[in-house]
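What follows is each chain in one-letter form.
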Amino acid sequence: STLKGTISMGHNRYSTTGSSSSKNIQPFYVKHKGKSLVVAHNGNFVNTAQLHKELEKDGAIFQTTMDSEIVLHLIAKSKKKELSDIIIGALSRIRGSYSMLLYVNDTLIAARDPLGFRPMCLGRKENAWIVCSETCALDIIGAEYVRDVEPGEILFFRKGEEPLSIKPFAEKRRAHCIFEYIYFSRPDSNIFGHNVYKVRKALGERLADESPAKADFVMPVPDSGNMAALGLSERSGVKFEQAMVRNHYIGRTFIQPSQGIRDFRVKIKLNPIKDLLRDKDVIVVDDSIVRGTTSRARVRTIRDAGAKKIHMRISCPPITCPCFYGVDFPTKKELIASGKQTEDIRKYIDSDTLAYLSVDGMLEAMPLPREHFCTACFTGCYPTSVPKRGSKLSIEKR
């Protein structure tokens, strides 16, 4: 009640384009010809460098080093009169992934890229409309889930009016990010029309079928491996134990901006229960191995706690290729599986065995047809053209 106005916008994106600095915090707000322009964006543009160069050549002065600012410059440059035409014109120049909120001319605008890389849903509470990435955000405030914002759809929200929906872009194949189901989204969310918890359990079930192991119990790396470990336990008949306790005051180590911070936080994030682990053979389930340093530290922690044998099981395939659509593994050299075979990775992390879920197993566990997903980080088959060299600091280096 202390806040004035009829529209609010918030964001918690981590840096996938541009440095982790205060100038790149979103929502990003500017004034142009006396009007407010605001953007909040989940995803990554793949033609950022090209558009940045063109706009600078035309006199644009950038205040940040993130791709999201580009859309505001495209809007400001438009000669069109109708707001819908201005937005369509700007978005038609962008390639890549975006679930995006814009504020232009007293209108809130929600837009999702035509391939539908990132999730986006529409909710309602009394007379208020809500757009968010995950349905769990609606649950928290007691709002009703209405539907997903469709790939290629643009919604316009004006005070006192029903939302206006337009779909100006040609129908394309779907390219939902499969890593949303594996890692990013919360298990209490429904994304792409299906529940994340159930999908992660199904991944664990497939993992049990593909890579069985004899052990005293199955344990997850909390919290990201919890559901897959449950699925593996139920399918294999090996009992489940929560043999590591997570410190909930530490954020996700994978998305920390530097390796030094990641290493430090891994050490204090998880604490093993030594009385459970001592002299036991264990199956340890995690959602992924990206750089390998986190998995190595976790295996060492479990072994130091007294485990006899450690069978590492990963509920997705090896990540071998960079992502250009909003997941922060932008270069091959950061990905341990891009240069090492599974046995080499096993030796590096010091587990007794190591097995990944296959690409086919992962896709068969999905609730949607396999052709609806982007699996480029596992297969190298990108659904769009991508930069030859990717770096989230590429604009800073220009």
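Above this text sits the structure in question.
Novice: Quick one: what's the story with helix α3 (residues 83–91), residue by residue and with numbers?
Specialist: Each full turn of the α-helix corresponds to 3.6 residues, which orients residues three or four apart in the same direction. Listed in full, the buried residues belonging to α3 are L83, I86, I87, A90 and L91. Viewed along the axis of α3, the buried residues span an arc of 120 degrees, placing them on a single side of the element. Elements in contact with the buried residues of α3: α2 (69–77), β3 (99–104), β4 (107–112) and β8 (154–157).

Novice: Explain the sheet that holds strand β7 (residues 144–148) to me, and be specific about the residues and the numbers.
Specialist: Strands pair in a sheet through their backbones, by hydrogen bonds, and they do so in one of two ways: parallel or antiparallel. Reading across the sheet, the three strands line up as β6-β5-β7 and stay open at both edges, with antiparallel pairing between neighbours. Both edges of this open sheet fall to β6 (128–132) and β7, since each of them pairs with a single strand only. Strand-to-strand twist across the sheet, computed as the mean angle between neighbouring axes with direction ignored, equals 30 degrees. The pairing of strand β5 (residues 121–125) with β6 spans five bridges and is antiparallel. Bridge pairing in β6 links G123 to I130.

Novice: How would you explain the pairing of strand β17 (residues 309–314) if you had to name every residue and give the values?
Specialist: The buried fraction of β17 amounts to five of the six residues, a majority that puts the element mostly inside the structure. Here strand β16 (residues 281–286) pairs with β17 via six bridges, running parallel. Across the sheet, D286 pairs through a bridge with I314, a residue of β17. In terms of handedness, the path from β16 via helix α10 (residues 293–304) over to β17 forms a crossover that is right-handed.

Novice: Tell me what's going on with the sheet that holds strand β18 (residues 353–356), and back it up with residues and numbers.
Specialist: With parallel pairing, the four strands of this open sheet are ordered in space as β13-β16-β17-β18. Every other strand in the sheet has two partners, leaving β13 (217–220) and β18 as the edge strands with one partner each. Direction aside, neighbouring strands of the sheet carry axes that sit 20 degrees apart on average. Sheet strands in contact with helix α6 (residues 196–210) are β16, β17 and β18, and its direction is about 125 degrees off that of β18. The strands touched by α10 are β13, β16 and β17; relative to β17, the strand with the most contacts, the crossing angle is about 150 degrees.

Novice: Break down the pairing of strand β1 (residues 28–32) for me, with residues and values.
Specialist: Pairing between β1 and strand β2 (residues 35–42): five bridges, direction antiparallel. Directly across from F28, in β2, lies its bridge partner V39. Hairpin connection from β1 to β2: two residues lie between these consecutive antiparallel strands, with K33 at a positive phi of about 50 degrees.

Novice: Describe α2, naming the residues involved and giving the relevant values.
Specialist: Within α2, seven of the nine residues are buried, which leaves it mostly tucked inside the rest of the structure. Buried residues in α2 make contact with β1, β2, α1 (48–57), α3 and β3.

Novice: With reference to specific residues and values, describe the packing of α1 against α2.
Specialist: Between α1 and α2, the shortest axis-to-axis distance is 10 Å and the interhelical angle comes to 40 degrees. As summarised for this structure, α1 and α2 are arranged oblique, according to the angle between their axes. Along this stretch, α1 crosses α2, giving a crossing that reads as left-handed. On α2, the residues touching T48, L51, H52 and L55 of α1 are I70, H73, L74 and K77. Here the residues of the contact of α1 with α2 are counted per class, giving four nonpolar, three polar and one charged.

Novice: Residue-level account of the environment of V38, with values.
Specialist: The residue V38 is located in strand β2 in this model. Judged by relative accessible area, V38 falls into the buried class, the value being 11%. Residues V38 and R173, 135 residues apart in the sequence, show an inter-C-alpha distance of 29 Å. Apart from the residues lying within four places of it in its own chain, the contact partners of V38 are M9, P27, F28, Y29, L72, L101, L102 and Y103.

Novice: Give a detailed account of the pattern of salt bridges, specifying residues and quantitative values.
Specialist: Summed over the entire model, instances satisfying the criterion amount to 20 salt bridges. Two residues, D58 and K77, come together in a salt bridge whose shortest N-O distance is 3.5 Å. With D58 in the loop between α1 and α2 and K77 in helix α2, this residue pair connects regions lying 19 residues apart in the sequence. Across the pair E234 and K201 runs a salt bridge, and its minimum N-O distance is 3.0 Å. Taken as a pair, E234 in helix α7 (residues 226–236) and K201 in helix α6 lie far apart in primary sequence, 33 residues in all. One salt-bridge network, held together by shared partners, links E205, D209 and R235.

Novice: Please provide a residue-by-residue account of the side chain of T107, values included.
Specialist: Positionally, T107 belongs in strand β4. Non-local contacts of T107, meaning those with residues more than four positions away in its chain, are made with L83, L102, F156, F157 and R158.

Novice: Give a description of the environment of C316 that names residues and reports values.
Specialist: Counting through the fold element by element, C316 comes out in the loop between β17 and α11 (336–339). Here C316 falls in the buried class, since its relative accessible area comes to 0%.

Novice: I'd like a rundown of unusual backbone geometry, residues and numbers included.
Specialist: The residue after Q26, namely P27, is reached through a cis peptide bond having omega 0 degrees. Turning to its location among the elements, P27 is positioned in the segment before β1. Even without glycine at this site, E126 takes up a positive phi of about 55 degrees. When you line up the elements, E126 lands in the loop between β5 and β6. With a phi close to 70 degrees, D350 is a non-glycine residue in the positive phi region. Among the secondary structure elements, D350 is positioned in the loop between α12 (342–349) and β18.

What counts and how
Each chain carries its own residue numbering, running from 1 in the written order of its sequence. Local features in this predicted model are restricted to residues of pLDDT 70 or higher, and side-chain atom pairs are both shown and tallied only at a pLDDT of 80 or more, whereas totals for entire chains, interfaces and linings draw on every residue. The basis for every side-chain value is the complete set of non-hydrogen atoms in the structure, without hydrogens or water. A 1.4 Å probe rolled over the protein chains alone gives each residue an accessible area, and that area as a share of the maximum for its type sets the label: buried under 20%, exposed over 50%, partly exposed in between. For the purposes of this entry, the term helix denotes a DSSP run of H or I that reaches at least four residues, the term strand denotes a run of E that reaches at least two, and both are numbered from the N terminus. Note that the arc is defined by the directions from the helix axis to the C-beta atoms. Only heavy atoms enter the contact rule, under which two residues are in contact if any of them lie within 4.5 Å. A pair of strands is considered paired only if DSSP assigns at least 2 bridges between the two. Between the N-to-C directions of two axes lies an angle of 0 to 180 degrees, each axis being a line fitted to C-alpha atoms and, for a helix, fitted only over the stretch in contact. Looking down the strands as they point away from the viewer, one classifies a crossover as right-handed if the path from the first strand across the helix to the second runs clockwise. An angle below 35 degrees is treated as roughly parallel, one above 145 as roughly antiparallel, one from 65 to 115 as roughly perpendicular, and anything else as oblique. We call a crossing left-handed when the near helix sits turned anticlockwise from the far one by less than a right angle, and right-handed when that turn is clockwise. Note on residue categories: nonpolar means Ala, Val, Leu, Ile, Met, Phe, Trp, Tyr, Cys or Pro, charged means Asp, Glu, Lys or Arg, and polar means any other residue, Gly included. The working definition used for a salt bridge is a side-chain nitrogen of Lys or Arg within 4 Å of a carboxyl oxygen of Asp or Glu.

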